Amino acid sequence: MAEREDPPAVLLEALHKRFGERIILQDLTLRAEPGERIALLGESGSGKSTLLNIIAGLEPADSGRVEIAGRSLIGLDDDHAAALRRQLIGFAFQAFHLLGHLTVQRNVAVPLLLNGIPPAEALDRAATVLGRLGLGTRLQAPIRELSGGEQQRVALARALVAAPRVLLADEPTGNLDPSSARTALALIAEQAAESGAALLLVTHSHEAAAIADRQLVLRQGRLEPA
Ligand SMILES: Nc1ncnc2c1ncn2[C@@H]1O[C@H](COP(=O)(O)OP(=O)(O)OP(=O)(O)O)[C@@H](O)[C@H]1O
Ligand SMILES: [Mg+2]
């Protein structure tokens, strides 16, 4: 009997999205296999962040199909959708969305704690990822005391820590110096390879896009080869 193939990590079909009269996504299709690294390019305002939000189930599409590892978040109640999202998806947001009153280490441990990992192990794993991003000496700092580039690395650590099936990274090196950016990109690529995660990397940087297997550009609501 033929082996059953893994479902695609991300499957988008006939996706449509508008904000008022503005068409953002139009009949968009995407298939990302496990372990595949895709760079998403496109002008400011073309809809890249909106697309990631729809994939993560944080923004509804007007119509179309969204599946993560063969499963749809659409139609689930909020709690189930959130639980599935936490298990399957790591999201490094363009605007970070960190918890300003918590420490660096706790911010990164949050997804693990919510997934039921014991606190000591969650904090330990958070510290390991943060150390690799050069933040090993800032574990106990409150987020609000961090620079923009430091916060960006915390946001990335939080997205990586649970070894997600799909890693959504929205301009994850936009605030970093060249050396920190290279470290961050190497870690993203390595984690994607180790855990077989599909990577969707939104970037304006050619250096960042170069870690991808495929480069796509969002133009007039659709993805085309760059
Ligand atoms: N909640 C919203 N309501 C109305 N319009 C929105 C909303 N969110 C985004 N938009 C609009 O949709 C368009 C796409 O926004 P989006 O943030 O996805 O672009 P982007 O490609 O990520 O841009 P950038 O490269 O600047 O981050 C923009 O014109 C934006 O103003
Ligand atoms: Mg954006």
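Structure: above.
Enquirer: What am I meant to see in the coordination of the magnesium ion (ligand 2) here?
Expert: In an ideal tetrahedron of four donors about a metal, each angle is 109.5 degrees. In an ideal octahedron of six donors, the angles are 90 or 180 degrees. With distances of 2.0 to 2.3 Å, the protein atoms coordinating the magnesium ion (ligand 2) are Ser49 (OG) and Gln94 (OE1). Note that Ser49 is positioned in helix α1 (residues 48-55) and Gln94 in the loop between β5 (89-92) and α3 (104-114), a separation of 45 residues in sequence. The class of Gln94 is partly exposed, set by a relative accessible area of 46%.

Enquirer: Help me out: how do you make sense of the packing of aromatic side chains in this one?
Expert: The description of two aromatic rings rests on the distance between their centres and on the angle between their planes. Counted by the stated rule, this structure contains 1 aromatic pair. Seen in terms of ring centroids, Phe91 and Phe93 are 3.9 Å apart; in terms of plane orientation they differ by 20°. Their pairing is stacked. Among the residues examined, Phe91 registers a relative accessible area of 9% and is labelled buried.

Enquirer: Looking at this structure, I do not really get the side chain of Arg158. What am I missing?
Expert: Relative to the elements of secondary structure, Arg158 occurs in helix α5 (residues 148-160). It is Asp170 that comes nearest to the buried, bridge-free Arg158 among opposite-charge side chains, at 12 Å. Separated by 3.0 Å, the side chain of Arg158 and the backbone oxygen of His97 make a polar contact. The residues touching Arg158, leaving out its near neighbours within four places in the chain, are Phe93, Phe96, His97, Leu98, Asn107, Val108 and Pro111.

Enquirer: Where do I start with the pairing of strand β6 (residues 166-170) in this structure?
Expert: The buried fraction of β6 amounts to 5 of the 5 residues, a majority that puts the element mostly inside the structure. In β6, alternate side chains face the same way, and those of Val166, Leu168 and Asp170 on one face and Leu167 and Ala169 on the other are all buried. As judged from the 4 bridges shared by β5 and β6, these two strands associate in the parallel manner. Bridge assignment links Ala92 to a residue of β6, and that residue is Ala169. Pairing of β6 with strand β7 (residues 198-202) involves 5 bridges; the strand directions are parallel. Counterpart to Ala169 in the pairing with β7 is Leu201. Of the crossover connections in this fold, the one passing from β6 over helix α6 (residues 178-195) to the parallel β7 is right-handed.

Procedures and definitions
Residues numbered from 1 in each chain as written. Chains lettered and ligands numbered in written order. Predicted model: local features only at pLDDT ≥ 70, side-chain atom pairs only at ≥ 80, totals over all residues. Heavy atoms only, no water. Donors = N, O, S within 2.8 Å, 3.2 Å for Na, K, Ca; no water. Helix = DSSP H or I, 4+ residues; strand = E, 2+ residues; numbered from the N terminus. Buried < 20%, exposed > 50% of the residue type's maximum accessible area, 1.4 Å probe, protein only. Phe/Tyr/Trp six-rings, centres within 6.5 Å; stacked < 30°, edge-to-face > 60°. Lys, Arg positive; Asp, Glu negative; His and termini not counted. Salt bridge = Lys/Arg side-chain N within 4 Å of Asp/Glu carboxyl O. Polar contact = N/O pair within 3.5 Å; in protein donor to acceptor, adjacent residues only side chain to side chain. Contact = heavy atoms within 4.5 Å. Pairing = 2+ DSSP bridges. Right-handed = clockwise from strand over helix to strand, strands pointing away.

It is worth stressing that arrangement in space is one thing and function is another; only the former is reported here.
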